[in-house]
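Observations on the model geometry
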Amino acid sequence: MFKKSVYLYICLMVALCVSCHRNATSVSSPDGQLKLSFDLIDGVPHYSVSRDGQPVLLPSPMGLTFVTNDGDTVSNCGWQLSQTESASVDETWETVWGEERLIRDYHNELTVHLSPLNTKLSSLNLSIVFRVFNDGFAFRYVFPEQEAKQLTVLDEHSSYVFAEEPQIWSIPWRTEYYEALFEKTPLHEKDTMNSPITLEMADGSYAFIHEAALTDYPCQNLYALNGSEASSQLSTFLTPWMKDDQVIEDKAYVTTPFATPWRFMILTRTLPEMVASRIMLNLNEPCKIEDTSWIRPMKFIGIWWGMHMREWTWRQGPNHGATTEHMKQYLDFAADNHIQGVLAEGWNLGWEGYEGINNDRFSFVTPYPDYDINFLSEYAKQRGVQIVCHHETSGRANEYEADLDTAYQYMQRYGMHAVKTGYVAPIITTNDGHQINRSQSGVRHYRKVIETAAKYQVMIDNHEPAMPTGLQRTWPNLMTQEGIRGQEWNAWSADGGSPCSHVCTLPFTRMMAGPADYTPGVFAFENPVIPGTRVHSTLCNQLALFVVLYSPLQMACDKIENYQKHPAEFQFIKDVPCDWEQSRLLDGQIGEYVVMARQERGGNDWYLGAITNETARDITIDLSFLGEGEYEAQIYRDGDDAEWQERPYSTNIETRVVTANDQPMTIRLASGGGCAIRFKKL
Ligand code: NOJ
């Protein structure tokens, strides 16, 4: 985040142009290529988008249906334009951590102020703010200060009418915790979808639709309208509230003045440009934490994979994982291997409830008797390692909220600055009763956790979250989130584990919404406990994931004995950072392969991760991204006979000296394989 310092130059100009009752108006990107036009058609707000004069989105209806405190229902028809405003911004800001240190926010803005045609509602005001960047556009609905104080949003009509039918990668809306494989189909074959979605447009360009700055509103979801090829239209539906265990019509309760989250669409000709887009972060508010010195990205290991492999248990018993003895071994291993943190799941009372043995409530301040927190926290301090705390709630968000202050005070007392939170329950319980976690109530809970954690200098790794929307710009203690079909599925999934193509799809889909706690780094692929499941990858693929899948809290997930068997390969995990100066997708195709390069923040070294799906292939690495001078390339590549099912451990480690001007490097990736390279500046 987001230091207050503003870099390079700032140019802000605001022009107020009063254009009473004129209906059509437009705004273009700073480079002039994208043009967004606004119009009212029969009183319904519409927008359309073109690129270089070619239509991308045809007039697409938008707006909200809401009920005022007087009980009037106001729909998205019946508006007139009262005034427009425009503004331009060009500023560069610095992140606290991230894929880039410096981010440029360069856009033109158009605000349309609307008033109802119905004179009975004449005191109502609604504005729509549009921003157009060189790589996409965004809009949000704003209720300015007005007489109507409390509004209930029943529906949002934001839609996307495509000039030509796109192909879409998405997961269905119902998916629990967003843990599914993204599937590509033409739009007309889609039904409901979680946000975000990734699109391949008819002309071969790419797009990405998601929301930004979700703080007090339900998560957006999308659906294919009519599901017909001809219409090629997507629309929005908001996650509803529930009452007495039934879904109700109400979506959001707002108090004016109020602004909804941003809806945004990235539009780029190429995948490297799409992945480099920072629109989502730019749409979030600047950092609200004054002293961010305690917020530090780190790698961690943990008492974790053993539970997912069914060797250890969370609850107490003969195979309890989080014992003093195990934790001490993990702390020693971390200290000896340049790993900054160790997670212990199952350290606290309450897991009998999680595992269905009783209904115990979790305690966030009571360790199990075989986990000596006094000794361990002292030992961790001596060895210079942080203990990463764990708060599973089983979806009982209300109980967690009641315990937040004491839980974080306890963490402070024992020197813990990071916590992994968890909400395993299809429907969570908030202070508003049983609710979908992506409802407004759920979103409010997650935000309360982030803000309270910031007070106690606690960094968050949120499992079973609402989909990330770039809030880490405002609250950089929100480090990483799950909301992904992560590595753990490879330990127990009935389908045998995620296909190799999954990790080749993620950088273009889920990862576009922000960091994910995928947990790379499995070094032992057999699973005797649940035969048939397996990590579909080679060992080098696992190394490459540390670069490909970004997370500022990056977990190397395997048990330490498996790392001890492969010290030469583990060296890459010791070296690789998780905070970057800059990041570049060098090459890739969605679901097929990915070549990602990132430069260490505050250093000169570059790191590269390349992965492929089931198809073995040669990749060519153009080295011109390197800086001046010589680099020692420390290359971890698949052995010549490697492939993920039979010979995943076959690895070649070699070094050579390279410069930016050298001939491109060609490297063979095995089926399910990968390559990780550290370019060490000489
Ligand atoms: C599900 C999480 O994704 C996993 O990482 C965790 O170990 C369990 N819940 C228990 O909290």
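Fair warning: this is a prediction, and the values are worked out from it, not measured in the lab.

What to know about the overall build of the protein chain
The helix and strand tally for the protein chain stands at 13 helices and 42 strands. Scaling as 2.2 N^0.38, a compact globule of 682 residues should have a C-alpha radius of gyration of about 26 Å, and the protein chain matches this with 25 Å. When its C-alpha atoms are laid out on the principal axes, the protein chain stretches across 75 × 60 × 50 Å. Nonlocal contacts in the protein chain, meaning residues at least 24 apart in sequence, comprise 71% of its contacts between residues at least 6 apart. In the form shown here, the protein chain has an accessible surface area of approximately 24400 Å², with 46% of it arising from carbon and sulfur atoms. Here the protein chain contributes 54 positive and 87 negative side-chain charges, whose respective centroids are spaced 3 Å apart.

Let's talk about the state of the cysteines
According to the stated counting rule, one finds zero disulfides in the structure shown. Cysteine Cys540 is unpaired, with the sulfur of Cys675 as its nearest cysteine sulfur at 7.0 Å. Residue class for Cys540 comes out buried when judged on its relative accessible area of 1%. Cysteine Cys557 is unpaired, with the sulfur of Cys578 as its nearest cysteine sulfur at 15 Å.

Looking at the pattern of salt bridges
Counted under the stated rule, the structure contains 38 salt bridges. A salt bridge links Glu100 to Arg278, with the shortest nitrogen-to-oxygen separation between them at 2.8 Å. Note that Glu100 is positioned in the loop between β8 (79-94) and β9 (102-116) and Arg278 in the loop between α1 (271-276) and α2 (279-282), a separation of 178 residues in sequence. A residue is classified by how much of its surface remains accessible, and Arg278, at 15% relative accessible area, is buried. One continuous salt-bridge network, built from bridges that share partners, spans Arg51, Asp52, Asp203 and Arg269.

Quick word on the confidence of the model for the protein chain
When pLDDT is averaged along the protein chain, the result is 95, and 96% of the positions lie at 70 or above. Note that residues 1-21 has pLDDT below 50 and, in this model, 59 contacts with residues that lie over four places away or in other chains.

Details of empty space enclosed by the protein
Gaps left between atoms are located by rolling a probe of water-molecule size over the structure's atoms. According to the stated counting rule, one finds seven cavities of 30 Å³ or more in the structure shown. Of the voids in this model, the largest cavity is the one considered here, and its volume is about 350 Å³. Lining the largest cavity are 27 residues, with Glu99, Arg278, Leu281, Met511 and Gly514 positioned closest to its centre. For the lining of the largest cavity, the element with the highest residue contribution is α2, accounting for three residues. Taken together, the residues that form the lining of the largest cavity break down as 18 nonpolar, five polar and four charged. In this structure, the second largest cavity encloses a volume near 140 Å³. Leu214, Tyr446, Ala466, Leu471 and Gln481 are the residues nearest the centre of the second largest cavity, which is lined by 13 residues in total. Only α8 (440-455) and β33 (478-481) provide two or more residues apiece to the lining of the second largest cavity. Ranked by the residues each element gives to the lining of the second largest cavity, the list is headed by α8, at four residues.

Focus on the packing of aromatic side chains
The tally for this structure, following the rule as stated, stands at 41 aromatic pairs. Between Trp347 and Tyr410, the aromatic rings sit 5.8 Å apart at their centres with planes inclined by 20°, giving stacked as the arrangement. In this pair, Trp347 sits in the loop between β27 (341-344) and α5 (351-354) while Tyr410 sits in helix α7 (residues 397-413), placing the two residues 63 residues apart along the sequence. A connected cluster of aromatic rings, assembled from ring pairs, spans Trp314, Trp351, Tyr354, Phe362, Phe364, Tyr400, Tyr408, Tyr423, Tyr446 and Tyr456. The ring centre of Trp93 lies 3.8 Å from the NZ or CZ of Arg473, which sits over that ring.

Quick notes on the sheet that holds strand β36 (residues 593-600)
Neighbouring strands of a sheet are bound in pairs by backbone hydrogen bonds; such pairs are parallel or else antiparallel. What the six strands build is an open sheet, ordered β35-β36-β37-β42-β39-β40; its pairing is antiparallel. Either end of the sheet is taken by a strand with one partner, and the two such strands are β35 (580-589) and β40 (651-658). Averaged over all adjacent pairs, the angle separating strand axes in this sheet is 15°, with direction ignored. Of the pairings in the sheet, the one linking β36 to strand β37 (residues 606-612) comprises seven bridges and is antiparallel in character. Bridged to Met596 within β37 is Gly609. The sheet strands contacting helix α13 (residues 567-575) are β37, β39 (631-638), β40 and β42 (674-681), and the helix crosses β39 at an angle near 125°.

A short note on the environment of Phe66
Within the secondary structure, Phe66 sits in strand β6 (residues 64-67). A relative accessible area of 0% places Phe66 in the buried class. Sequence separation between Phe66 and Glu156 is 90 residues; the distance between their C-alpha atoms is 8.8 Å. Setting aside chain neighbours within four positions, we find Phe66 in contact with Asp72, Thr73, Val74, Trp79, Leu124, Phe143, Leu151, Thr152, Val153 and Leu154.

Some points on the pairing of β37
The element β37 is largely enclosed, with a buried count of seven among its seven residues. Neither face of β37 is exposed, since Trp606, Leu608, Ala610 and Thr612 on one face and Tyr607, Gly609 and Ile611 on the opposite face are all buried. Counted along the chain from β36 to the antiparallel partner β37, the turn is five residues long, and its residue Gly602 has a positive phi close to 70°. Summarising the sheet, β37 and β42 pair through six bridges and their orientation is antiparallel. Residue pairing for β42: Ala610 is matched across the bridge by Cys675.

A short note on the sheet that holds strand β16 (residues 192-194)
Spatial ordering of the open sheet is given by β2-β3-β4-β5-β13-β20-β19-β16, a layout of eight strands whose pairing is antiparallel. A single partner strand is all that each edge strand has here, and the edge strands are β2 (25-28) and β16. Adjacent strand axes in the sheet meet at a mean angle of 25°, parallel and antiparallel pairs treated alike. Here strand β19 (residues 220-224) pairs with strand β20 (residues 233-238) via five bridges, running antiparallel. Bridge pairing in β20 places Tyr223 opposite Ser235.

Brief notes about the nonpolar core
As a rule of thumb, nonpolar side chains are buried together in soluble globular proteins. Ranked by size, the top nonpolar core spans 187 residues in total, and within it Phe130 and Tyr408 carry the most contacts. With eight residues, the top contributor of residues to this core is helix α11 (residues 539-548). Counting 22 residues, the second largest nonpolar core, distinct from the first, contains Tyr593, Trp606, Ile621 and Leu669.

Some thoughts on the site of the ligand
Near the ligand there are 14 residues, and of these Trp304, Glu345, Glu392, Lys420 and Glu482 occur at the shortest range. At a separation of 3.4 Å, a nitrogen atom of the ligand approaches a polar side-chain atom of Tyr354. Contacts to the ligand include His463, whose side-chain N or O atom sits 3.0 Å from an oxygen atom. Considering the ligand on its own, with 300 Å² of exposed area, one finds that the protein chains cover 96% of that surface. Mapped onto the shell around the ligand, the elements with two or more residues apiece are α5 and β28 (386-392). Here the residues of the shell around the ligand sort into five nonpolar, three polar and six charged.

Cut-offs and rules
Residues numbered from 1 in each chain as written. Predicted model: local features only at pLDDT ≥ 70, side-chain atom pairs only at ≥ 80, totals over all residues. Heavy atoms only, no water. Helix = DSSP H or I, 4+ residues; strand = E, 2+ residues; numbered from the N terminus. Rg over C-alpha atoms; globule rule 2.2 N^0.38 Å. Contact = heavy atoms within 4.5 Å. Areas by Shrake-Rupley, 256 points an atom, 1.4 Å probe, with all protein chains shown as cover. Lys, Arg positive; Asp, Glu negative; His and termini not counted. Charge placed at Lys NZ, Arg CZ, Asp CG, Glu CD. Disulfide = S-S within 2.5 Å. Buried < 20%, exposed > 50% of the residue type's maximum accessible area, 1.4 Å probe, protein only. Salt bridge = Lys/Arg side-chain N within 4 Å of Asp/Glu carboxyl O. pLDDT = per-residue confidence, 0-100. 1 Å grid on protein atoms, 1.4 Å probe; cavity = no way out; pocket = protein on both sides within 12 Å on 5 of 7 lines; lining within 4 Å. Points joined across faces, edges and corners; volume = space filled by probe spheres on them. Nonpolar A, V, L, I, M, F, W, Y, C, P; charged D, E, K, R; others polar. Phe/Tyr/Trp six-rings, centres within 6.5 Å; stacked < 30°, edge-to-face > 60°. Lys NZ or Arg CZ within 6 Å of the ring centre and 35° of its normal. Pairing = 2+ DSSP bridges. Axes fitted to C-alpha atoms, helices over the stretch in contact; angles between N-to-C directions. Core = buried A, V, L, I, M, F, W, Y, C linked by side-chain atoms within 4.5 Å. Near = heavy atom within 4 Å. Polar contact = N/O pair within 3.5 Å; in protein donor to acceptor, adjacent residues only side chain to side chain.

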